[in-house]
Amino acid sequence: MIAHLTNLIASRTRVAGAVLAAIALGAGSLGFTHLAPIGSAHAQEQKGGGNTVRPEIGKPIQTALDLLKSRRGKDALARVQEADAVPNKTAYEAYLVERVRAQAAAAASDAAGAARAFETTAASSFASGGEKLQFLGAAAAQYYLAKNYGKVAELGARYFRDGGTEKSIRTLYIQALYLGNDFAAAGRELLRHIQAEEQAGRTPPEDQLQLLTNVYLKQRDNAAYANALEKLVAYYPKKDYWLAVVHSVGTRPGFSERLALDFARLKLATGTIRTATEYIEAAQLSIQSGLPAEAKKIIDQGYAAGLLGTGPEADRHRRLKDMAAKNLAEDAKSIGQDDAQIAVAKDGTALLNAGINYVLNGNNVKGLEMMEQGMRKGGLKHPDDARLHLGYAYHLAGQNQKAIQLFKTVHGADGTASLAHLWIIHLGRGS
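Quantities reported herein were computed from a predicted structural model and do not represent experimental measurements. (Residues numbered from 1 in each chain as written. Predicted model: local features only at pLDDT ≥ 70, side-chain atom pairs only at ≥ 80, totals over all residues. Heavy atoms only, no water.)

## Some points on the environment of proline 253
Okay, step 1: Tracing the sequence through the fold places proline 253 in the loop between helix H15 (239-250) and helix H16 (260-270).
Okay, step 2: A relative accessible area of 73% places proline 253 in the exposed class.
Okay, step 3: Linking proline 253 and asparagine 222, residues 31 residues apart in sequence, is a C-alpha distance of 10.0 Å. (Helix = DSSP H or I, 4+ residues; strand = E, 2+ residues; numbered from the N terminus. Buried < 20%, exposed > 50% of the residue type's maximum accessible area, 1.4 Å probe, protein only.)

## Concerning the pattern of salt bridges
Okay, step 1: Applying the stated criterion across every chain, the model contains 28 salt bridges.
Okay, step 2: Where glutamate 98 meets arginine 101, a salt bridge forms, and the shortest distance between an N and an O atom there is 2.8 Å. Here glutamate 98 pairs with arginine 101, and both are found in helix H7 (residues 91-107), just three residues apart, close to one helical turn.
Okay, step 3: Note on arginine 101: relative accessible area 16%, which makes it buried.
Okay, step 4: Here the salt bridges share partners, and the residues they tie into one network are Asp84, Lys89, Glu98 and Arg101. (Salt bridge = Lys/Arg side-chain N within 4 Å of Asp/Glu carboxyl O.)

## Some thoughts on the confidence of the model for the protein chain
It should be kept in mind that the predicted coordinates are not to be read in detail where pLDDT is low.
Okay, step 1: On average, the protein chain scores 89 in pLDDT, and the residues at 70 or more come to 88%.
Okay, step 2: pLDDT under 50 marks residues 1-29. Its contacts with residues more than four places away, or in other chains, come to 61 contacts.
Okay, step 3: Counting interchain partners and residues more than four positions distant, the pLDDT-below-50 stretch residues 40-49 has 13 contacts. (pLDDT = per-residue confidence, 0-100. Contact = heavy atoms within 4.5 Å.)

## A word on the packing of aromatic side chains
Okay, step 1: Enumeration over the complete set of coordinates arrives at eleven aromatic pairs.
Okay, step 2: Ring geometry for phenylalanine 160 and tyrosine 173: centres 6.0 Å apart, planes at 45°, overall tilted. Separated by 13 residues along the polypeptide, phenylalanine 160 in helix H10 (residues 149-161) and tyrosine 173 in helix H11 (residues 167-179) bring together distant segments of the chain. For the pair shown, phenylalanine 160 and tyrosine 173 are each scored as buried.
Okay, step 3: Lying across the ring of phenylalanine 160, arginine 170 places its NZ or CZ 3.9 Å from the centre.
Okay, step 4: The lysine or arginine in question, lysine 321, covers the ring of tyrosine 303, its NZ or CZ lying 4.5 Å from the ring centre. (Phe/Tyr/Trp six-rings, centres within 6.5 Å; stacked < 30°, edge-to-face > 60°. Lys NZ or Arg CZ within 6 Å of the ring centre and 35° of its normal.)

Here is the structure:
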């Protein structure tokens, strides 16, 4: 599933295409629809006058603009080159040629040429402050199409340093950092943007959360990777993401084997059990824990999913099912016989174990009361396990808010806190 997540980044062409549309690279938005007065530019400059264009430059440029309106980029580019061949251009004429060349090259799918022209235009004193930002953004987008990620990163940083705010440019900037293998910078930018969205009460974009997980994966930062996965599944609780985050927790260093049944419970709740073996192991763990009602439920789910009762292991599945049913029948006869003895035990362990069995058998009131009494009595070898089990029992009883509040008190570094946190995410979505 980790390999699957690495393929979730949007393709370069699709992302760049969306950005180009977003920043409006059409001639009408970044270019001229008509020229300034055509006349003697040299004479105007000598008089300190306005910006005019000589006919030998202005006419092919105007033709290029007209061709751009008809989406004839290559023809427009040819007219720009004709204007560029005129010697002794004034600074304004040179600016005008580059400005229209940028649009024509973009329309002609000459990304590298368009990028250079937009960058040159952005540096001109003839471009206004707002235009400079537009041209910088357009240059970054074209460099992205040309796969020159170093230039995208350079111009993107300049764009935001100069006051640019366009989200689509930030997307390109971050993607370029990632594709240029500057994972540390990409991670910082992504996290800054995601946190800003969260602080504003908005849901961070899914593709940015996806990319953040990949950034940390590339850096082999397991803790940050796990945190990013949890953010992703919290906002977008898709099965693929749950598979990844549950796998991440279960394979984390220090995760205690003691929590195997708790881990199986989380997988059952999030729909991330995928094999017959997982169902069988979970049911066996429940039987070993003296919880045949839970084992029967797990086996029934495996049959309903079509993973148990079929194939070469069908007889084994049937035997396990029969065992769970037999144990459940025996449990129904004996349940409650030891309650008086359990109540006077020196610690709360037996109360917790008996209580969750009552809950699993449908007697929520008595079961939760016993478990709460067990928590108060204390003397527990693994208090965080007990909190995890009581939280799970609250969930089974339909008291999810109580479960969430209790899960928040689980702090064990052996995997209990990680499981509790995922339960909080799962239940917090109203699941």
